[in-house]
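# Coordinate inspection notes
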Amino acid sequence: MAENEFNLGEYLTGGVEKIVKGAVRARLKDPMERVFMEGYALSSREASKRRAELEEQGEHIPPFLIASITSSCNLHCAGCYARENHICSDGKAFARLSAEEWEAIFREAKELGIGFILLAGGEPMMRRDVLQKAAEIPEILFPVFTNGTLMTDSYLQLFDQSRNLVPIFSIEGDEKKTNERRGTGIYQSLIRAMDKTRENHLIFGASVTVTTSNLNEVVSEEFLSVLQERGCKVVIYVEFVPVTSDSTELAPQDAEREFLKEKLAELREKYPEMLFVSFPGDEKSSGGCLAAGRGFFHINPHGGAEPCPFSPYSDINVRDTSVREALHSRLFTALQDGDVLMEDHAGGCVLFERKDRVEALLSAE
């Protein structure tokens, strides 16, 4: 890797350790947070060591897994990739993985050295049974990507008792933009959920879908001050992927990506107590798309192992095999050995944009 390249993995690992040290120095009112963070820092180093050992043996294990644990959601957000890709629907959920099957996946991931498992959906808080299983594996950090509408006192108690579950609230900018995309009243629900989380001395983050419409706002001091004042520690910027032809104008292009890259460098200097991550922008700075097991992979609600949530193609199911074998699937291997992951693209996701080539690899004998 070139000297001036940004290493996403190192930044995230170092960022977690930075938050840990800050928590210890601050002697948080709630000692549970300090105890967990100290323990997790040790677990994170052990996971890195395990991956390094396997790498020396010729086996690459990514540090991240994205797990879409449910196809159900209580909202209908405009331009939702999960609904368009049929990950999420209002109908009956067929053959979804049980809580016990997800637990087995999580535990195997821990043994392989996977230290971060992002829980998504649908709305992951509609699967409390799975979250409870995740809570029993403190060696893994589980960011829970949620719309925030289900943050009840009962859920606050679960997050309080299980500090490895970290809520990541989806927000689109100010009240107007958030409600336009997510529905009337959702912004205020989010603010209430953030305030409740802060009042319970819990760490939380925010996820922002970046479009040409909200880019300037979501990197502004006004927007970030709202998050910072409420105790937000992580901001994840995800470039909008135009899953329908009538929304392509919302996808950031080269000029917007360059602007976001410059702003991220500024924000990391200005807000050292917070983490700022951009997908796929940080991927390009880290040497190409990290999907298909290079840096992460995706398991859908039915167990299919996919390159990423925006590329819903699979030739193997963890219900019938193992996480380890899924990482060596024919599709993942072909993508890693080929040049698709390294290519430039117009907006959002290279695999989504090159889906014809991914489909060709999937159907190849």
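Residues numbered from 1 in each chain as written. Predicted model: local features only at pLDDT ≥ 70, side-chain atom pairs only at ≥ 80, totals over all residues. Heavy atoms only, no water.

### Examining the overall build of the protein chain
Condition: The way it works is that DSSP assigns letters per residue, a run of H or I at least four long becomes a helix, a run of E at least two long becomes a strand, and they are numbered from the N terminus. The criterion used for residue contact is that any of the two residues' heavy atoms lie within 4.5 Å.
Of regular secondary structure, the protein chain possesses 16 helices and 9 strands. Sequence-distant contacts in the protein chain: of pairs separated by 6 or more residues, those separated by 24 or more amount to 71%.

### Things to note about the pairing of strand 8 (residues 296-299)
Filter applied, for reference: Remark: exposure states derive from per-residue accessible area (1.4 Å probe, protein chains only) relative to the maximum for the residue type, with buried under 20%, exposed over 50%, and partly exposed in between. What makes two strands pair is DSSP finding at least two bridges between them.
Of the two faces of strand 8, the one holding Phe296 and His298 and the one holding Phe297 and Ile299 are both buried throughout. In terms of strand pairing, strand 8 meets strand 9 (residues 305-306) through 2 bridges, oriented antiparallel. Within the sheet, the bridge partner assigned to Ile299 lies in strand 9 and is Ala305. Connecting strand 8 to the antiparallel partner strand 9 that follows it, the hairpin turn spans 5 residues, and Gly303 within it adopts a positive phi of roughly 100°.

### Here we look at the nonpolar core
Definition in use: For this analysis, a nonpolar core means a set of buried residues of the types Ala, Val, Leu, Ile, Met, Phe, Trp, Tyr and Cys, connected via side-chain atoms within 4.5 Å.
Counting residues in each nonpolar core, the largest one holds 101 residues, and the members touching the most others are Phe106, Ile117, Leu119 and Tyr237. Contact partners of Leu119, with chain neighbours within four places excluded, come to Ala67, Ile69, Phe106, Pro124, Leu131, Ala134, Phe142, Pro143, Val144 and Phe145.

### Regarding the packing of helix 4 (residues 99-112) against helix 5 (residues 128-135)
Here is the rule: Axes here mean lines fitted to C-alpha atoms, for a helix over just the part in contact, with angles spanning 0 to 180 degrees between N-to-C directions. Any angle that is under 35 degrees is reported as roughly parallel, and any over 145 degrees as roughly antiparallel; angles of 65 to 115 degrees are reported as roughly perpendicular and all others as oblique. Crossings are sorted by hand: turned counterclockwise from the far helix by less than a right angle, the near helix makes the crossing left-handed, and turned clockwise it makes it right-handed. Residues are grouped as follows: Ala, Val, Leu, Ile, Met, Phe, Trp, Tyr, Cys and Pro are nonpolar; Asp, Glu, Lys and Arg are charged; every other residue, Gly included, is polar.
Between helix 4 and helix 5, the shortest axis-to-axis distance is 9 Å and the interhelical angle comes to 30°. Of the possible angle classes, the one that applies to helix 4 and helix 5 is roughly parallel. In this structure, helix 4 crosses over helix 5, and the sense of that crossing is right-handed. Along its contact with helix 4, which presents Ala99, Glu100, Trp102, Glu103 and Phe106, the element helix 5 presents Asp129, Val130, Lys133 and Ala134. A per-class count over the contact of helix 4 with helix 5 returns 5 nonpolar, no polar and 4 charged.

### Re the packing of aromatic side chains
Geometrically, a pair of aromatic rings is defined through the distance of the ring centres and the angle of the planes. As a reminder, the rule being used: Pairing of aromatic rings covers Phe, Tyr and the six-membered ring of Trp, with a centre-to-centre limit of 6.5 Å; geometry is then stacked below 30 degrees between planes, edge-to-face above 60, and tilted otherwise.
All told, the structure shown has 7 aromatic pairs when counted by the stated rule. When the centroid spacing of 6.0 Å and the interplanar angle of 55° are considered together, the rings of Tyr271 and Phe276 count as tilted. Given a relative accessible area of 6%, Tyr271 falls into the buried group. Overall, Phe276 belongs to the buried group, its relative accessible area being 0%. Where Phe297 meets Phe332, the ring centres are 6.2 Å apart and the plane angle is 70°; that geometry is what we call edge-to-face. Of this pair, Phe297 sits in strand 8 while Phe332 sits in helix 14 (residues 330-337), and the two are 35 residues apart along the sequence. Using a relative accessible area of 0% as the deciding quantity, one classes Phe297 as buried.

### Section: unusual backbone geometry
Following Gly121, the chain continues into Gly122 via a peptide bond in cis, with omega recorded as 15°. One non-glycine residue, His201, lies in the positive phi region at around 60°. By the secondary structure assignment, His201 is in the loop between helix 8 (186-199) and strand 5 (204-210). Looking at His201, the relative accessible area reads 37%, which means it is partly exposed.

### A few points about the pattern of salt bridges
In plain terms, the rule: A pairing counts as a salt bridge when a side-chain nitrogen of Lys or Arg comes within 4 Å of a carboxyl oxygen of Asp or Glu.
With the rule as written, the count across this model stands at 18 salt bridges. The residue Glu53 makes a salt bridge to Arg50 at a minimum N-O spacing of 3.9 Å. Highlighted residues: Glu53 and Arg50, both in helix 2 (residues 31-56), separated by 3 residues, approximately one helical turn. According to the relative accessible area criterion, Glu53 is partly exposed, its value standing at 32%. Close ionic contact of Arg230 with Asp195 constitutes a salt bridge, the shortest N to O distance being 2.9 Å. With a gap of 35 residues between them, Arg230 in the loop between helix 10 (221-229) and strand 6 (232-239) and Asp195 in helix 8 connect regions that are remote in the sequence. Residue class for Arg230 comes out buried when judged on its relative accessible area of 18%. On the accessibility criterion, Asp195 (17% relative accessible area) is buried. Among the ionic contacts, a cluster of salt bridges with common partners joins Glu103, Arg107 and Lys133.

### Concerning the pairing of strand 3 (residues 142-146)
Inclusion rule: Orient the strands so they point away from the viewer, and a crossover whose first-strand-to-second-strand path over the helix runs clockwise is right-handed.
Across the 5 residues of strand 3, 5 count as buried, placing the element largely inside the fold. Burial along strand 3 is two-sided: Phe142, Val144 and Thr146 and Pro143 and Phe145, pointing in opposite directions, are all buried. The pairing of strand 3 with strand 4 (residues 165-170) spans 5 bridges and is classified as parallel. Bridge pairing links Phe145 to Ile168 in strand 4. As a crossover connection, the stretch from strand 3 through helix 6 (residues 153-161) into strand 4 is right-handed.

### Some details on the environment of Arg163
Rule in force here: Pairing of N or O atoms within 3.5 Å defines a polar contact, subject to two protein rules: one partner must be a possible hydrogen donor and the other a possible acceptor, and residues neighboring in sequence count only if both atoms are side-chain atoms.
Its location among the elements puts Arg163 in the loop between helix 6 and strand 4. According to the relative accessible area criterion, Arg163 is buried, its value standing at 6%. Linking Arg163 and Pro138, residues 25 residues apart in sequence, is a C-alpha distance of 7.8 Å. Within polar-contact distance, the side chain of Arg163 engages the side chain of Asp160 at 2.3 Å.

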